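# Examining the three-dimensional arrangement
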Amino acid sequence: MSLTDNESAAETLPAEETAAHADTGRAGLILAGGRSERFPTIDKALAPLDGRPLLGHVADALAPVVDERVINCRRDQQAAFAEAVGDDPRFAIDPVGDRGPLSGLRTALAATEATYAAVVPCDMPFVPAGFIEYLFGQARHNTGAIPRVDGRQRSLPAVVHVRAAAAACEDARRHDEGLAAFVSALDPVVVPERAVTAHVGSAAFANIDTHEDLAAVRGEGRRFEG
Ligand SMILES: Nc1nc2c(ncn2[C@@H]2O[C@H](COP(=O)(O)OP(=O)(O)OP(=O)(O)O)[C@@H](O)[C@H]2O)c(=O)[nH]1
Ligand SMILES: [Mg+2]
């Protein structure tokens, strides 16, 4: 078959069959639809750390390394979150709230056209932009990348291929399972601990569940730049 024949054959095939999907950029998905039950009195996403709400720290870390940021939450959280972040993120609102983090992730994934997405929970304020960038690099040509920290593989933060992750969400949900099942269905690259610690200390992965957790990290600042 001549080159010309090839070209005309390609023209008649649907785009999906002729080429890999075009890269449509990077998203940053922030999971923030939980009830913060271990953090009484306020939504932990809004809890201040060094003068900025936790959610703001996560949004700031994502800003330099993604094309768009999407916050997943319930409708009743949206106005306060928009004000807290301040620079016009998009929202992916759970159609039904309180269905767990995997359900929130599914909502967030459906809200972006990006090829790859970083997924960070609102309560992980010290993950540096440089490390998220590194995870994007590790995820390239794979279904995603997650770090091994302190001897165990973490579900989050993650960088995921959006289409592969949406399919893995469906697999995990079909079996009524959570984030760990999602990760095993996705089968991402697990970045070895030695490679992770070459970029950041394990304190970068501190997550805030209680007022005590927050008190313990107050004043740490953003000293985990990677
Ligand atoms: N959309 C959505 N996100 C959730 C839900 N539950 C937890 N998350 C998010 O998943 C991440 C990890 O969850 P947790 O650390 O347990 O947060 P949480 O559920 O708000 O806190 P607790 O009530 O103390 O368990 C956080 O970013 C939460 O906002 C939910 O039912 N829906
Ligand atoms: Mg919870």
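Please read all numbers here as calculations on a predicted model, not as lab measurements.

## Section: the site of ligand 1
Around ligand 1, 20 residues are found, and the nearest of them are Leu31, Glu37, Arg38, Asp94 and Gly100. Glutamate 37 places a main-chain nitrogen or oxygen 2.6 Å from an oxygen atom of ligand 1. Between ligand 1 and aspartate 123, the relevant distance is 3.2 Å, taken from an oxygen atom to a side-chain nitrogen or oxygen of the residue. Relative to its unbound accessible surface of 600 Å², ligand 1 loses 84% to contact with the protein. In this structure the site holding ligand 1 corresponds to the largest pocket.

## Examining the layout of surface pockets
The computed volume of the largest pocket comes to approximately 720 Å³. Taken together, 31 residues form the lining of the largest pocket, with Arg38, Lys44, Pro101, Pro121 and Asp123 sitting closest to its centre. Elements that contribute at least two residues to the lining of the largest pocket include exactly helix H5 (101–110) and strand S8 (152–153).

## Re the pattern of salt bridges
All chains considered together, the criterion is met by 11 salt bridges. Close ionic contact of glutamate 133 with arginine 26 constitutes a salt bridge, the shortest N to O distance being 3.0 Å. Of the two residues, glutamate 133 sits in helix H6 (residues 129–139) while arginine 26 sits in strand S1 (residues 26–31), which places them 107 residues apart along the sequence. Between aspartate 87 and arginine 69 there is a salt bridge whose closest N-O contact spans 3.3 Å. Note that aspartate 87 is positioned in the loop between helix H4 (75–85) and strand S5 (90–93) and arginine 69 in strand S4 (residues 68–73), a separation of 18 residues in sequence. The exposure class of aspartate 87 is partly exposed, given its relative accessible area of 40%. By relative accessible area, which is 13% here, arginine 69 ends up buried. Each of the salt bridges in this network shares a partner with another, and the network as a whole consists of Arg38, Lys44, Asp123 and Asp209.

## Brief notes about the side chain of lysine 44
Relative to the helices and strands, lysine 44 is located in the loop between S1 and strand S2 (48–49). When its relative accessible area of 11% is taken as the criterion, lysine 44 is described as buried. Contact partners of lysine 44, with chain neighbours within four places excluded, come to Ser36, Phe39, Leu54, Asp123, Ile208 and Asp209.

## A closer look at the UniProt feature "binding site: GTP" (unreviewed entry) in the protein chain
The sites that UniProt annotates as "binding site: GTP" (unreviewed entry) are Leu31, Ala32, Gly33, Lys44, Asn72, Asp94 and Asp123. The annotated residues named above include Leu31, Ala32, Gly33, Lys44, Asn72, Asp94 and Asp123 as those lining the largest pocket. Its relative accessible area of 2% is what places asparagine 72 among the buried residues. In this structure asparagine 72 touches Ile30, Leu31, Ala32, Gly33, Ala92, Asp94, Gly104, Thr107 and Ala108, once residues within four positions along its chain are discounted. Assignment of secondary structure puts aspartate 94 in the loop between S5 and H5.

## Quick word on helix H3 (residues 54–62)
With eight of nine residues buried, H3 is to be regarded as a mostly interior element. All buried positions along H3 are accounted for by Leu54, Leu55, Gly56, His57, Val58, Ala59, Ala61 and Leu62.

## Digging into the UniProt feature "binding site: Mg(2+)" (unreviewed entry) in the protein chain
In the numbering adopted here, UniProt assigns the feature "binding site: Mg(2+)" (unreviewed entry) to Asp123. Relative to the helices and strands, aspartate 123 resides in the loop between strand S6 (116–121) and H6. Overall, aspartate 123 belongs to the buried group, its relative accessible area being 7%. Apart from residues no more than four positions distant in its own chain, aspartate 123 is found in contact with Lys44, Leu54, Ala206, Asn207, Ile208 and Asp209.

## What about the packing of helix H7 (residues 162–174) against helix H8 (residues 179–186)?
The interhelical angle for the contact between H7 and H8, taken along N-to-C directions, is 125°, at an axis separation of 8 Å. By the criterion of interaxial angle, the relationship of H7 to H8 is oblique. Both H7 and H8 take part in a crossing whose hand is right-handed. Each of Ala164, Ala165, Ala168, Cys169, Asp171 and Ala172 in H7 lies in contact with H8, whose residues at this interface are Ala181, Phe182, Ala185 and Leu186.

What counts and what doesn't
Residues numbered from 1 in each chain as written. Chains lettered and ligands numbered in written order. Predicted model: local features only at pLDDT ≥ 70, side-chain atom pairs only at ≥ 80, totals over all residues. Heavy atoms only, no water. Near = heavy atom within 4 Å. Polar contact = N/O pair within 3.5 Å; in protein donor to acceptor, adjacent residues only side chain to side chain. Areas by Shrake-Rupley, 256 points an atom, 1.4 Å probe, with all protein chains shown as cover. 1 Å grid on protein atoms, 1.4 Å probe; cavity = no way out; pocket = protein on both sides within 12 Å on 5 of 7 lines; lining within 4 Å. Sits in = over half its atoms within 2 Å of the grid points. Points joined across faces, edges and corners; volume = space filled by probe spheres on them. Helix = DSSP H or I, 4+ residues; strand = E, 2+ residues; numbered from the N terminus. Salt bridge = Lys/Arg side-chain N within 4 Å of Asp/Glu carboxyl O. Buried < 20%, exposed > 50% of the residue type's maximum accessible area, 1.4 Å probe, protein only. Contact = heavy atoms within 4.5 Å. UniProt positions renumbered as here; feature names shortened; annotations may be inferred. Axes fitted to C-alpha atoms, helices over the stretch in contact; angles between N-to-C directions. Parallel < 35°, antiparallel > 145°, perpendicular 65-115°, else oblique. Left-handed = near helix turned anticlockwise from the far one by under 90°.

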